[in-house]
Amino acid sequence: MKRRQLLQYLAALTPGAALFDAAAHETAYPSKPIRLIVASAPGALLDAASRLYADRMSAALKQQFVVENVAGAGSMLAARQLVRAAPDGYTVMAAANTIVTIPHIVKNPGFATKDMTPVGEMARSPSLLVVPGASEFRSLADLVATAKKSPGRVNYASGGVGTTSHLPVEMFARQAGLALSHIPYKGVAPAVPDLVSGRVGFMMSTPTSVEELMKGGALRALAITSDTRSPKYPDVPTFKELGYPDVTFDIWVGLLAPAGLPDAIKARLAEAMELARADQALARHLAATGQVISDVRTPDQFAKLLRDEEQRYRQLVKDANITAG
């Protein structure tokens, strides 16, 4: 982003931009380190993006972002910690799509999206449908044909009910008219060995989790959820081009704070995020993990994304009768 565009963006972050500097100065924010709860295990796609932003936002705000990984329970553990924190900008959370799905799947999740303040999207990535290297399925058409011939025979792994490795498969199954057997694991990492060994038929995964295994031939990708083919995986067709446009899907990762965060602090965090995005090295590092920076950047844009995504998945959960039980 050019300097003039960056300045225009920063000026538009909040209504009454002329009051912004005074308000931010008045809060003296931040005056101490900021706790960043990351709702994933170390090394995952969300963790990778979070640490890239944390480094650059620390420099922009002149206070350290202290990363704390709180993985498990489909982001519930991390989200519960966030919503219990004071809305003072010193506790924020990096999370993915799961935060808008779990409240509609789990009976008492301990949080809702209304309990959070959206700050901004960090990055997004498509998912890959991967099968074992020795799988009988050489194409998505092979998988569909087998699943239609023998309903329930084809099984798939996921990182848990309602997660980003589960719901896209539900989208696919519904559009293709398939009856698949779901085997949820406690995270993607525990599922990968069973996938490689052929104990499960396929899995939907981020590139970060499977890329090295794909390079070594232990896994193969049959389709990708992006709208167009990925430059990183040019030989992998999209679900859309294979006749399943409903399976166009991105895993987005973003920054949130507790509800009630003062506007001046929200704007300060959003400003630091935009300064981080302007770093070309950050974009290169994200690209290396299969992620890109989208046009969803401001708090308002991210809030709209959350509303739209929640509506989309609420309907899917209802139609597919997905429950945690």
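Refer to the structure printed above.
The rules we used
- Residues numbered from 1 in each chain as written.
- Predicted model: local features only at pLDDT ≥ 70, side-chain atom pairs only at ≥ 80, totals over all residues.
- Heavy atoms only, no water.
- Buried < 20%, exposed > 50% of the residue type's maximum accessible area, 1.4 Å probe, protein only.
- Helix = DSSP H or I, 4+ residues; strand = E, 2+ residues; numbered from the N terminus.
- Pairing = 2+ DSSP bridges.
- Contact = heavy atoms within 4.5 Å.
- Axes fitted to C-alpha atoms, helices over the stretch in contact; angles between N-to-C directions.
- Left-handed = near helix turned anticlockwise from the far one by under 90°.
- Nonpolar A, V, L, I, M, F, W, Y, C, P; charged D, E, K, R; others polar.
- Core = buried A, V, L, I, M, F, W, Y, C linked by side-chain atoms within 4.5 Å.
- Phe/Tyr/Trp six-rings, centres within 6.5 Å; stacked < 30°, edge-to-face > 60°.
- Lys NZ or Arg CZ within 6 Å of the ring centre and 35° of its normal.

> Let's hear about helix α8 (residues 188–197): which residues, and what values?
Along α8, the positions that sit buried rather than exposed are Ala191, Val192, Asp194 and Leu195. The positive-phi residue at the C-terminal boundary of α8 is Gly198, with phi of around 90°.

> Lay out the pairing of strand β5 (residues 128–132) in plain terms, naming residues and giving numbers.
Most of β5 is tucked away, with five of its five residues classed as buried. Where β5 lies against strand β9 (residues 219–224), five bridges are found, and the strand directions are antiparallel. Bridge pairing in β9 links Val131 to Arg220.

> Explain the side chain of Ser158 to me, and be specific about the residues and the numbers.
Of note, Ser158 is situated in strand β6 (residues 155–158). With residues near it in sequence (within four places) discarded, Ser158 still touches Thr163, Ser165, His166, His182, Ile183, Pro184, Tyr185, Gly187 and Ala191.

> Talk me through the sheet that holds strand β4 (residues 116–125); I want residue IDs and the actual numbers.
Read across the sheet, five strands follow the order β2-β1-β3-β10-β4 without closing on themselves; strand pairing throughout is mixed. Each having just a single partner strand, β2 (65–69) and β4 make up the two edges of the open sheet. On average, each strand axis in the sheet is inclined to that of its neighbour by 25°, with strand direction left out of account. Sheet topology note: the strand β1 (residues 34–38)/β2 ladder contains five bridges and is parallel. In the sheet register, Leu36 faces β2, and the bridge partner there is Val67. Running at roughly 80° to β4, helix α12 (residues 299–320) makes contact with β4 and β10 (251–258) of the sheet.

> Hey, could you go over the side chain of Thr206 for me, with residue numbers and the actual values?
For Thr206, the location among the structural elements is in the loop between β8 (202–205) and α9 (207–215). With a relative accessible area of 12%, Thr206 lands in the buried category.

> So, the packing of helix α3 (residues 45–61) against helix α10 (residues 263–277): which residues are in play, and what are the values?
Where α3 contacts α10, the axes come no closer than 9 Å and their chain directions differ by 120°. Handedness of the crossing formed by α3 with α10: right-handed. Counted together, Tyr53, Arg56, Met57, Ala60 and Leu61 of α3 and Arg268, Leu269, Ala272, Met273, Leu275, Ala276 and Arg277 of α10 form the full contact between these two elements. Across the contact of α3 with α10, the residue classes break down as nine nonpolar, no polar and three charged.

> With reference to specific residues and values, describe the nonpolar core.
Ranked by size, the top nonpolar core spans 83 residues in total, and within it Met93, Leu129, Phe172 and Leu269 carry the most contacts. In terms of residue count, the dominant contributor to this core is α3 (eight residues).

> Please set out the sheet that holds β5 residue by residue, giving values where relevant.
Taken in spatial order, the five strands make up an open sheet running β7-β6-β8-β5-β9, and their pairing is mixed. Edge strands, defined here as strands with exactly one partner in the open sheet, are β7 (181–184) and β9. Ignoring strand direction, the axes of neighbouring strands in this sheet form an average angle of 30°. Where β6 and β8 come together, two bridges link them in parallel fashion. Directly across from Ala157, in β8, lies its bridge partner Met203. Each of β5, β8 and β9 is contacted by helix α6 (residues 140–149), which is oriented at about 85° to β9, the strand it contacts most. Packing against the sheet, α9 makes contact with β5, β8 and β9, and its axis sits at approximately 40° to β5.

> Please set out unusual backbone geometry residue by residue, giving values where relevant.
Each neighbour pair has its own omega, and for Tyr29 with Pro30 the value is -5°, a cis peptide bond. Mapped onto the fold, Pro30 is located in the loop between α2 (17–27) and β1. One non-glycine residue, Lys62, adopts positive backbone phi at about 60°. Within the secondary structure, Lys62 sits in the loop between α3 and β2. Phi is positive for Asn321, which is not a glycine, with a value near 55°. As for its placement among the helices and strands, Asn321 is situated in the segment after α12. Judged by its relative accessible area of 63%, Asn321 falls in the exposed class.

> Give me the lowdown on the packing of aromatic side chains, citing residues and values where you can.
Using the criterion set out here, one finds six aromatic pairs in the structure. Aromatic pair Phe249 and Tyr313: ring centres 6.4 Å apart, planes at 75°, arrangement edge-to-face. In this pair, Phe249 sits in the loop between β9 and β10 while Tyr313 sits in helix α12, placing the two residues 64 residues apart along the sequence. A relative accessible area of 3% means that Phe249 is categorised as buried. An aromatic cluster is present here, built from Phe172, Phe239 and Tyr244 joined pairwise through their rings. Across the ring face of Tyr90, the terminal group of Lys32 is positioned such that the distance to the ring centre comes to 4.7 Å.

These values are about where atoms sit, not about what they do.
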